[in-house]
Every structure is written in C-alpha cells, then in structure tokens.
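# Observations on the model geometry
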Protein chains: 2
Amino acid sequence: MTEILETTDGVVDTLALASRLSDGHVADNVEILNQLDSDDAAAVLLLLPVEMSVQILDKPELHRGSEIIAALPRRTAIILLTEMSADVAADIVQRLDAPLRDELMDGLDRTTRATIENLLAYPENTAGAIMTTEFVSVPANWTVERTLQHIRQVERTRETVYAIYVLDPATRRLAGAVSLRRLIAGEPSDNIMSLAVATPVTTTPLADQEDVARLISKHDLLAVPVVDKAGHVLGIVTVDDIIDTIIEENTEDVQKFGGMEATDEPYLQVGLPGMIRKRGGWLCVLFLGEMLTASAMQHFEGELEKALVLTLFIPLIMSSGGNSGSQATSLLIRALALREVKLGDWWRVALRELPTGLILGAMLGAIGLVRVMVWQKLGIFDYGEHWVLVGFTVAAALIGVVTFGSVAGSMLPFLLQRVGFDPASASAPFVATLVDVTGLMIYFSVALLILRGTLL
Amino acid sequence: MTEILETTDGVVDTLALASRLSDGHVADNVEILNQLDSDDAAAVLLLLPVEMSVQILDKPELHRGSEIIAALPRRTAIILLTEMSADVAADIVQRLDAPLRDELMDGLDRTTRATIENLLAYPENTAGAIMTTEFVSVPANWTVERTLQHIRQVERTRETVYAIYVLDPATRRLAGAVSLRRLIAGEPSDNIMSLAVATPVTTTPLADQEDVARLISKHDLLAVPVVDKAGHVLGIVTVDDIIDTIIEENTEDVQKFGGMEATDEPYLQVGLPGMIRKRGGWLCVLFLGEMLTASAMQHFEGELEKALVLTLFIPLIMSSGGNSGSQATSLLIRALALREVKLGDWWRVALRELPTGLILGAMLGAIGLVRVMVWQKLGIFDYGEHWVLVGFTVAAALIGVVTFGSVAGSMLPFLLQRVGFDPASASAPFVATLVDVTGLMIYFSVALLILRGTLL
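Being a predicted model, the structure only gives us computed values, none of them experimental. Per-chain numbering applies: the sequence of each chain, read as written, is numbered from 1 onward. Chains and ligands are labelled sequentially in the order written, the chains with letters from A and the ligands with numbers from 1. Thresholds applied to this predicted model are a pLDDT of at least 70 for local features of residues and 80 or more for the giving and counting of side-chain atom pairs; totals over whole chains, interfaces and linings are not thresholded and use all residues. By convention in this description, side-chain values take in all heavy atoms of the structure and omit both hydrogens and water.

With that settled, the discussion passes to the relation of the copies chain B and chain A. Least-squares fitting of one copy onto the other uses the C-alpha atoms of those residues that reach a pLDDT of at least 70 in both copies. With an RMSD of 0.1 Å, the operation that places chain B on chain A is a rotation of 180° combined with a shift of 0.0 Å along the axis. Both copies of the chain, as the preceding transformation shows, are related through a two-fold rotation axis.

As a further point, take the packing of aromatic side chains. In this analysis, rings of Phe, Tyr and Trp, with Trp reduced to its six-membered ring, are considered paired at centre separations within 6.5 Å, and the interplanar angle assigns stacked below 30 degrees, edge-to-face beyond 60, and tilted for intermediate values. For the structure shown, the criterion picks out 14 aromatic pairs over all chains. Measuring from ring centre to ring centre gives 6.1 Å for F135 of chain A and Y165 of chain A, while their planes differ by 75°; the resulting arrangement is edge-to-face. Remark: Y165 of chain A occurs in strand β2 (residues 163-167) and F135 of chain A occurs in the loop between α11 (127-130) and β1 (136-139); sequence separation between them is 30 residues. Accessible area is worked out with a 1.4 Å probe on protein chains only. A residue is then buried under 20% of its type maximum, exposed over 50%, and partly exposed in between. According to the relative accessible area criterion, Y165 of chain A is buried, its value standing at 2%. Summarising the aromatic geometry, the rings of Y162 of chain A and Y162 of chain B are spaced 4.2 Å apart at their centres and angled 45° between planes, so their arrangement reads as tilted. A residue pair is termed interchain when its members come from two chains, as with Y162 of chain A in the loop between α12 (144-154) and β2 and Y162 of chain B in the loop between α11 (144-154) and β2 (163-167). Each helix corresponds to a stretch of at least 4 residues labelled H or I by DSSP, and each strand to a stretch of at least 2 residues labelled E; elements are numbered beginning at the N terminus.

In this section: unusual backbone geometry. All names here are of chain B. The phi dihedral of N125 is positive, around 65°, even though this residue is not glycine. Its relative accessible area of 36% is what places N125 among the partly exposed residues. In this model, R172 sits at a positive phi of 60°, which is unusual for a non-glycine residue. Counting through the fold element by element, R172 comes out in the loop between β2 and β3 (174-179). Note on R172: relative accessible area 52%, which makes it exposed.

Glancing now at helix α7 (residues 86-95) of chain B. Across the 10 residues of α7 of chain B, 7 count as buried, placing the element largely inside the fold. Listed as buried for α7 of chain B are A86, D87, V88, A89, A90, I92 and V93 of chain B.

Another point: the environment of A424 of chain B. Residues and elements named next belong to chain B. Structurally, A424 is set in the loop between α19 (387-418) and α20 (428-451). Taking relative accessible area as the criterion, A424 reaches 5% and is therefore assigned buried. For the pair A424 and D39, spaced 385 residues apart in sequence, the C-alpha separation works out to 38 Å. In this view, A424 contacts D253, K256, F257 and I333; residues no more than four positions away in its chain are not counted. Here, residues are in contact when the closest pair of their heavy atoms is within 4.5 Å.

Attention now moves to the interface of chain B and chain A. Taken together, the contacts link 117 residues of chain B with 118 residues of chain A. In short, buried area is how much 1.4 Å probe accessible area vanishes from two parts on joining, totalled over both. In this assembly, chain B packs against chain A so that about 11000 Å² is buried in total across both faces, 66% of it on carbon and sulfur atoms. Of all residues in chain B, R181, Y267 and F287 of chain B give up the largest surface area on contact with chain A, accounting jointly for 8% of the area buried on that side. By definition here, a salt bridge exists when the distance from a side-chain nitrogen of Lys or Arg to a carboxyl oxygen of Asp or Glu is within 4 Å. On the surface where chain B and chain A come into contact, there are 12 salt bridges. A salt bridge links E31 of chain A to K218 of chain B, with the nearest nitrogen and oxygen atoms 3.4 Å apart.

Once that is clear, we can look at the sheet that holds strand β3 (residues 174-179) of chain A. All names here are of chain A. By this definition, two strands are paired if DSSP reports at least two bridges between them. If you trace the 3 strands from one edge of the open sheet to the other, you get β1-β2-β3, paired in mixed fashion. One side of each edge strand has no neighbouring strand; the edge strands of this open sheet are β1 and β3. Looking at each pair of strands side by side, their axes are set apart by 30° on average, direction ignored. In this structure, β1 lies alongside β2, joined through 4 bridges in parallel fashion. Helix axes use the C-alpha atoms of the stretch in contact, all axes being lines fitted to C-alpha atoms, and the angles between their N-to-C directions lie in the range 0 to 180 degrees.

With that out of the way, let us pick up the confidence of the model for chain A. In this model, chain A carries an average pLDDT of 89, and 98% of its residues clear a pLDDT of 70 or more. For this predicted complex, the interface confidence reaches an ipTM of 0.77, while the overall pTM sits at 0.78. On a scale of 0 to 100, pLDDT captures the predictor's confidence in every residue.

For the rest of this paragraph, the subject is the domain arrangement of chain A. All names here are of chain A. These domain limits were set by an automatic method or by a database of domain assignments. You can read the domains of chain A as domain 1 (2-121), domain 2 (136-253) and domain 3 (267-451). Contacts between domain 1 and domain 2 engage 5 residues on the former and 4 residues on the latter. Between domain 1 and domain 2 the total buried area reaches about 260 Å² when both faces are included, carbon and sulfur atoms providing 19% of it. One can count 1 salt bridge joining domain 1 with domain 2. Identification of polar contacts relies on pairs of N or O atoms within 3.5 Å, with a donor-acceptor requirement for protein atoms, meaning one able to donate a hydrogen and the other able to accept it, and with residues adjacent in sequence counted only if both atoms are side-chain atoms. Applying the counting rule to domain 1 against domain 2 returns 1 residue pair in polar contact (both at pLDDT 80 or more). All amino acids are sorted into three groups, where Ala, Val, Leu, Ile, Met, Phe, Trp, Tyr, Cys and Pro are nonpolar, Asp, Glu, Lys and Arg are charged, and the leftover types, Gly among them, are polar. Classifying every residue of the side of domain 1 that touches domain 2 by side-chain character gives 1 nonpolar, 1 polar and 3 charged.

One side chain can pair with another of opposite charge once the charged atoms of both are near each other. Considering all chains together, one arrives at 26 salt bridges over all chains under this definition. Across the pair R339 of chain A and D211 of chain A runs a salt bridge, and its minimum N-O distance is 2.6 Å. Of the two residues, R339 of chain A is situated in the loop between α18 (314-337) and α19 (346-377) and D211 of chain A in helix α14 (residues 209-219); the sequence distance between them amounts to 128 residues. Residue class for R339 of chain A comes out partly exposed when judged on its relative accessible area of 44%. Classification of D211 of chain A as partly exposed rests on a relative accessible area of 31%. A salt bridge links E353 of chain B to R279 of chain A; the shortest N-O distance between them is 2.9 Å. Of this pair, E353 of chain B sits in helix α18 (residues 346-377) while R279 of chain A sits in helix α16 (residues 272-299), placing the two residues on different chains.

Overall, R279 of chain A belongs to the buried group, its relative accessible area being 0%. Along the chain, R279 of chain A and L183 of chain A lie 96 residues apart, while their C-alpha atoms are 52 Å from each other. Not counting residues within four places of it along the chain, the set of residues in contact with R279 of chain A comprises M260 of chain A together with S324, Q327, A328, L331, E353, T356, L360 and S406 of chain B.

What makes a patch is a set of residues exposed beyond 30% relative accessible area and free of salt bridges, joined within 9 Å when like-charged and within 5 Å when nonpolar (Val, Leu, Ile, Met, Phe, Trp, Tyr). Calculation of accessible area relied on Shrake-Rupley with a 1.4 Å probe; when residues are assessed, cover is drawn exclusively from the protein chains displayed. Taken together, V370, V374, L378 and I380 of chain A make up a surface patch of nonpolar side chains, about 360 Å² in accessible area. With respect to the secondary-structure elements, I380 of chain A resides in the loop between α19 and α20 (387-418).

Right, let's get into a negative patch on the surface. The charge count treats Lys and Arg as positive and Asp and Glu as negative. His and the chain ends do not count. Where a charge lies is defined by one atom per residue type: Lys uses NZ, Arg uses CZ, Asp uses CG and Glu uses CD. Side chains of E67, E124, E248, D264 and E265 of chain A sit close together on the surface and give a patch of like negative charge. Looking at where D264 of chain A falls in the secondary structure, it is placed in the loop between α15 (239-257) and α16.

Residue and element names in this part refer to chain B. One less than the number of residues in a helix, times 1.5 Å, gives the span that helix is expected to have. Compared with an ideal rise of 1.5 Å per residue, which puts 24 residues at 34 Å, helix α17 (residues 314-337) spans 34 Å between its outermost C-alpha atoms and is within 8% of the ideal. Counting buried positions along α17 yields 24 of 24 residues, so the element is predominantly enclosed. One or two steps after α17, the chain reaches R339, where phi turns positive at roughly 60°.

Definition used in this section: a nonpolar core is a set of buried Ala, Val, Leu, Ile, Met, Phe, Trp, Tyr and Cys residues joined via side-chain atoms within 4.5 Å. Grouped together as the largest cluster of nonpolar side chains are 150 residues, with contacts concentrated most on L180 of chain A together with L180 of chain B. Apart from residues lying up to four places away in sequence, L180 of chain B is in contact with Y162, L180 and I184 of chain A together with L148, I151, V161, Y162 and I164 of chain B. Counting residues in each nonpolar core, the second largest holds 97 residues, with A428, V431, L440 and Y443 of chain A among its members.

Here it is, written out as structure tokens:
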C-alpha cells in the first residue's frame, strides 16, 4: 500500500491521496492515514470534505488523533472538534499539551466546551468517560409521528437514533425507552409512551466500562443510557464503543496475564524505551521474587551435596507446578470476569481444584516414575542404588507441587479481587514464581521424608 | 436468589416462578433458568407466554438450551424451534441426540427445516454458522415509503431491521444497503437506491467469525451481510452475535494462553472428568517436553558435581527466560490477532525483540550480580573462592537466556500461524518449556566458558 502513498522522491502526494480518500470507506481511510506521520495526515485531512474528516477523526481506530489536530490550522481544528462526537473529541482534547488544549477549548462554542469539560471530569474507563451526549430524547407527551419528525431533523447530529429515550416532561427524568423499530411499527397518532419500555436497562456514570459491556451484551442492546441519581440521562454508551472497549480490554488482559503492563499502542509503535518500561518493571519484581528459590536451595545445600541426583528433577517438578497454576489462574480470571463465579465462591473453587490437582499430579507423577524406571533399566542413566526411592520422591513431589499449583493458582485471582485489584493482574509468570519457591520446599521436604536414612 | 426458587421441601415452585418470570427482563430470566435443572426449566417455560419462551431460548447465554428442548413435549418444542431465531435453533438442534433431532426436524415446516439444515451445513465458527437468515431485503425499484411499509409488516419476525439490503430485481444480487436511520430521513417517494450505499461491506459464508468481528468493529456496523460468490445474500451476522463471539473467543484465548484446552462451559459447570481432560492433555505434553531439562542436567552431571554452586541459580535463570518469553508471546498473540503485524513482519519483530531482550537481560543480570556480591560480602552465603566469576556467569547467562526468551517467545506465534495453527495456541507454559530446556544449555555453556580452569 505504501508505494501508492508516495511519489518517486519519497514525498507523500497529499492531493492525489485526498482525492482517493474522498471516495473510500471511512475505516479504510483510517488505516491509510495511520501509515502517515501526523503532519502528512493533517495535510490530507485539510483537503477532504469536512464531513469525511469528521468521520475519520471519530474513529477510535485512528492513531495520533490528537497529534493530527495539533498539526492542523487552529480554525480547522476547532471546526472539526465541534462537529465530532463529543466523546471522541474529549479523548483527543485530553491528550493535547496544555497551552494548545486551552487555546482550542477557548475557541469552541459554549455548549461544545461545556460538554467536553463534563466528559473529561469522569475517571478513565467509566461509563461517564466513554459515553456520548448525542442521543435522542423526547418528552413523554409526544406522539409517534412527532417523535419521528424530530428524529428526521436531528438524525445527522446524533451518534445513534435507534434507541429513543422518553423523558417526563415536568422533571425531565427518564420515563422509558423506545427502539426505532418499534417506533416505525407504531400508529402515527399513538402516544410515544404506549410503545415504550417503562423500566429500561440503565447504568451510572461511574460504572466500570467492563460492567457496561456486560450489560449491553447480556441484554443485546444497541445503547445503554447513563443516568444520574436523580434519574436524568447524562448520555448513552453505544454498542460500537463497547466493542472497541472489549477488544482493548482483551488485549490488556492477555498482556497482563503474560506478565507485563498493558501497552496502549500497537506493538510496532511502542518505542524501545516504552517497551523496556512496560516489561522491565514486572520482570524485575518477578526476578526478586524468584531469588527466593536461590535462598531455598542455599538452605538445602547440605542435602544437595549428599544427593546430587535430586537436582536433576528440579526444573521438571517446578515447571509442572507453574503450569498447573497457570491453567487454574487462566480459568478463574475469566470465570470472575464473566461473573460465572463470585468472590464468595472461593471455597467451592478450592474444593474443586483440590481433587483436580491431585489427579493431574498423580498423572504426571506416574509418568515421572516410569521415566526413572525406564532410564535406569535401559541403562541410559544411573540414578544410584536407591533409584526406586528417588523415583517415588519425584512422583510424590509432583503430586504435591501440582496440587499446590492448582489450588494457589485458582485462589490468587480471588485474593487480588478481595484486596481491590483486578483479578486479571494474576499473571502466568506471577503464579509460576509463587509456585516455584513453594515447589522447591515441597520437593525437599518430600525428599527428606522418603530418603532419610538412605541418601539423606 | 435460590431460596425463592424452591418451596420448603426443596421442590421448585414452577407456577410461582413462571408468574414472576413473565414480568421480568429476558436476560434476568435466563440467569434464573440457568440455576435450574433442565426438567424444571422446561416446566417453567411451558407455563410462560410463547413469546417470552422464544426470547429466552434465543439468548446464547442460556445454558442447556438443547436439554430444555429435549425435556419439553414434542409439540411445544417444535413450535418454539419454529418461532426462534434460525441461527440459535440450528445451534440447539445440532446438540440434540440423533433420534430426537430427526423427530423434531421432521415436525418442522419445510421452510424452517431447510433454513436450519442450510445453517448446519457450514463449519463451526464461520460466518455461515453464526449468521441469521431473518433479515430485511427489498428490490431496488421500491420507494422509501413501500420499504418502510414492508418493514412495519415484517418487523416482529426479523432479528434486525436496522440494515436493509437492496437486491437487483432481476438477478436478486446485492445492489446496496440502507440503514433504517437514513431510510426514515428520506423522502417517501424517493427510490430506495438513492439512499443506499452501493458497495456495502460484506463477508463470505466461510469467513472466520473472528474476521467478521473485526469487520463489524472496524466499520462500526450493526450487521454485515453474508454473500455467496454470485452476490446473493445468504444471511446476516448481527452485532450482538458478534459481541458474544468476541467474549467467547477472549475466554478461549486466555485459557489457551494459560496452557489448556478451552472449556465450552462456565467454570463451575465443567465436571471433574471434563476438567482433567481439558488440562491433563497439555500438562502431560508439557511434562514430556520439560523432561528434556532432566536429560540436559544429566548430560552436565560432571560439571554439577564439580560446581554445585551453579545449581543454586538454575530456577532463577530458567524462570527469567520463561517470563520474558511469556511477555513477548502475549504481545505478539494480540498484535497478530488485531492484524497490527502481519506474517511477513516477523523479521521486524525479531529485530525489535533482540535489543529489548538484551537490555532486559542486562537489567536482570546486574541485579543478579549485585545479589551474589552482597550475599558474599555480608557473609549470608559463601559462593566459594571464585565467587566473582560465579556472579559473572549468572549475569551473562541471564542476558543470554532473557534475550533468547524474548526472541523465541515473539517468534513462536508467527511460526504457529505459518504452519496453519492459531497463533493464540502459543501458551505461556509452552514458551516457558521451550525456554527452560534451551536456557539450561545456555547457562552451562556460559559456565564452561567463564569457569573453565577454575571451578570446571
């Protein structure tokens, strides 16, 4: 694609590009602009019809939206910010540097400025921060016909018109909701409330965006109104905002589970210093935790000297505990996120993981025992005169470590949620580190029990 | 909640429950029915208005839909299957046992049966398998008014009416698409094509559902038409089907990344045998792979005997490699899933991971070196007369292992995609196992290099 963006001397032909983009799909245009630097993207936007520029800037998939706004002439930037969805405009304004942000905000008309300021007041990742204020609301004493007439007039300036919110004419509180499909099926002279759902599903401005996503998904909604304590509609969260949210949260969850801080930008756009920051912190924390394994081994140095054969199985046993822990953690992170289990279910989960861990541990223990026997009998390796006891030590340790891994791995997300953290912060490396240290203790304790008087 | 579902003798009061459910939100009713066994749930459904029962069965969140259908009288089951969304009905029919499935299918009217059979013919997780055939299409020579009239008539039997597909009257091929909001804003006498987008975004029946999700998210669509090679619309995939799909895929991705097979059911509903099956397979495979660490250590037994101090750092060094690998894998799984990087970008990624790994490894190496020095100087532990060399061995091994982990962890998803697997099959335990075995080799090689002539 890049080759058609540039002329032979490597300069972007903004004129040719703008003419091509004015006929294209918005989403494709966003992808093309994402390949340009912000100055070139701004130059192209300047040449496009305002309507297309607004649609492009409205897409959350556009990278560097705020840099593009910053690169535009002030006057154009103000026009585009005014025409854009207020929620996306707020997002862009938030990322601008202070002097430019104030300058642009001052240039906006009073209503737009107030709307953006209101949106910016809500904490990140809440319904209030991602909602749009461009929705359709009508008084409860209107007819179907009058409502339809109103929708025709405002259609172009609303993010969605498929859900219409009916307000009490006196208090302006939410009295009901009608879908457009029900509305057009109604008699023109009917009162709007005759078609409305009187108790629509609502959310609050401080609700977590993940909870809003769950609500929209559960009730198959196209939008959910954000209502304050008095019952006034502050805005709506639409289904396409929610899809973006879910995809973004999923990326964050996988990255956190992989043992790092979540990145905000696409992989190839995170610079080396940013990458080191996102990964180095956790890596160092895990490293410091894992240092306890060295301490544990130093503690058992005497045993190691007497029975060097035991060291051969350390990585095998420890990794098996980490693996079973990682499985249990992944299960519980999702089960908690989907509200399949609640905090109070922790003991039910523990009672399930205990037998699961014992059986899985016994399976691995059996394989481990067979391995020692086969290698010994075939003469591949000599585990010494007490090789049978060594085999049983390995098997028993595996049962203990895998069971501990399953139980600890499943309890960790509960513990994190209990103390107020996101259960999804329980990463696979974190669980592995936890299980590694304890796994070593289990292994050596089992060895002392079984091998005392022979090897130890 | 359970207490109000049962009378004092533990029997579910279906009558009281049905009367309560007939006033409730569909999604809440689904949650209540999910707590009953399928016989009780069927008894409650029998007492509900058909319309509510259909809405409940239509919800993908309902567990055991097919068991409930099986527990209903044949006649009721057939009525409900006929009234349900064809895509969900097909899903339920698919899970029934053969004799009952045939009996119910024979009872359906010809059109419904044909529709369900068509849907069942598509492979799982494709657009064809999740699409609904209940959409609105009109010939291109209709006016806005006639189209609106048609929508009013069919509204109740269509999954969505917010996207209207315009067909060529002669060939019945897709000629355009109109959104309902544009339609109601149009003049009644206008031709429908004057409002239509002539080249709507479409997908094919065999497209992967994840690609369809990406398409809907990218273009902010409420539905995408599934079109065959000739240009006929076979069905549509709606945004709420896609949200369910994305959430389900998220769960699968996290579970697979945790090193297990994805579960189809909520955590507490997977039985012990099912749990062992989903987890035991991978755990055994990983165990067999990890056995190579024992082989590697047996190979270096001579070195271990001479320098027992080296064993103390084995868990620390190996886990650090696994952790950096897990980070890199989580980054690349998501980057590939979101199409932020393509298969051909592998070398760009490798060139980024190499310096990232070197820097991260150097950070950990420095901490490791300091640890050895501090413990030695403070007299906490005696690493022997060559403790400085031991410290440098640990540091150098950490640089090598962490770099290898970053590069290998980032390349694994590419490799899997290249050979036709889902890149998300690259689990954290899988990467850890890969890095563990190689990490040992790196550690001992570095040790041989640095300590030859002193300890070794």
